[in-house]
Amino acid sequence: MAKINYSTILVPLLASIMVYSVSANFHQDVEITWGDGRGQITNNGDLLTLSLDKSSGSGFQSKNEYLFGKIDMQIKLVAGNSAGTVTAYYLKSPGSTWDEIDFEFLGNLSGDPYTLHTNVFTQGKGDREQQFILWFDPTSDFHTYSILWNPQRIIFSVDGTPIREFKNMESEGTLFPKNQPMRMYSSLWNAEDWATRGGLVKTDWSKAPFTASYRGFSEEACVVSNGKSSCPDWSGQGSASGSWLSQELDSTGQEQMRRVQSNYMIYNYCTDAKRFPQGLPGECLAA
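Remember, predicted model here, so these are calculated numbers, not experimental data.

Analysis parameters
Residues numbered from 1 in each chain as written. Predicted model: local features only at pLDDT ≥ 70, side-chain atom pairs only at ≥ 80, totals over all residues. Heavy atoms only, no water. Pairing = 2+ DSSP bridges. Helix = DSSP H or I, 4+ residues; strand = E, 2+ residues; numbered from the N terminus. Axes fitted to C-alpha atoms, helices over the stretch in contact; angles between N-to-C directions. Contact = heavy atoms within 4.5 Å. Salt bridge = Lys/Arg side-chain N within 4 Å of Asp/Glu carboxyl O. Buried < 20%, exposed > 50% of the residue type's maximum accessible area, 1.4 Å probe, protein only.

## Let's talk about the sheet that holds strand β7 (residues 85-92)
- Taking strand neighbours across the sheet as the criterion, the 8 strands line up as β2-β5-β14-β7-β8-β9-β10-β17 in an open arrangement whose pairing is antiparallel. Edge positions in the open sheet fall to β2 (30-34) and β17 (265-268), since each of these has one partner strand only. Mean inter-strand twist for the sheet, computed between neighbouring axes without regard to direction, equals 15°.
- Looking at chain direction, strand β8 (residues 100-106) and strand β9 (residues 115-121) are connected through 7 bridges and run antiparallel. By the bridge assignment for β9, glutamate 100 is matched with phenylalanine 121.
- Relative to the sheet, helix α3 (residues 251-264) contacts β10 (130-133) and β17, its axis offset from that of β10 by approximately 80°.

And the structure:
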């Protein structure tokens, strides 16, 4: 795929691009949007917790909207018997033809691994799931989950290790999210009808409240302000070498991703021929 050169458009517009790189103070960076007190910000804004009980879950969202960015969050997931619970961390635009980039952590019985579910929606269409088993206990400590979203690709990473890349293949007829600003959202909620073993294992409410913890939120992004994106028109040519705006996987990153997918991927829509009787999606064939 040809590389896009951005210098000719970035240089004159650099002053107007609102790029943020922030070590989180949750009081400043996010707002708790639901849960009736079940979401809490403590430690002078350094720690955020979400809880779930039988009455309700909870959630929060970023105050900023982004049109491309690199978003990092450290999360410690619900420990013990988390069956039926889902901790979601994602970017999403509003409306009925939304764009979305998903991390979802599907709980399990004590001692059984979480399932990490990823998906990409464009103009309201998803069906691009890949699922993984994590190679560590995500409940014993914080781990960093990252979304890099630039005009050429989306890269999902865990503790700096890439696990999935979704490339811009519009030239092959594949939709790619590039026009709709998105906010970061996270929530902890009950999905016992499908989350654990297809809904066979239900939530054990005697273990409630369930709690997920967050810290270290950072946003390095082009930010939408006053309803308009400060990002330039990405149809031009130029170079932003070394920037997240043009970042791609080097040979080491590609090998790390191949290793993770070989050892820890448990579902890939691109190999599910029964699901797509009319043929696999174009990006699967192009890859």
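## Here we look at the pattern of salt bridges
- Tallied over the full model, the rule gives 12 salt bridges.
- Across the pair lysine 125 and aspartate 127 runs a salt bridge, and its minimum N-O distance is 3.8 Å.
- A residue is classified by how much of its surface remains accessible, and lysine 125, at 48% relative accessible area, is partly exposed.
- On the basis of relative accessible area, aspartate 127 is assigned to the partly exposed category, the value being 36%.
- Here glutamate 129 ties to arginine 275 by a salt bridge, and the two come within 2.7 Å at their closest N and O atoms. Of the two residues, glutamate 129 is situated in the loop between β9 and β10 and arginine 275 in the loop between β17 and α4 (282-286); the sequence distance between them amounts to 146 residues.

## Structural notes on the environment of phenylalanine 210
- Position of phenylalanine 210 among the secondary structure elements: in strand β15 (residues 210-225).
- Among the residues examined, phenylalanine 210 registers a relative accessible area of 3% and is labelled buried.
- Linking phenylalanine 210 and leucine 77, residues 133 residues apart in sequence, is a C-alpha distance of 9.3 Å.
- Excluding residues that lie within four positions of it along the chain, phenylalanine 210 makes contacts with Leu50, Ser51, Leu52, Val78, Asn81, Thr85, Leu188, Thr203, Asp204 and Trp205.

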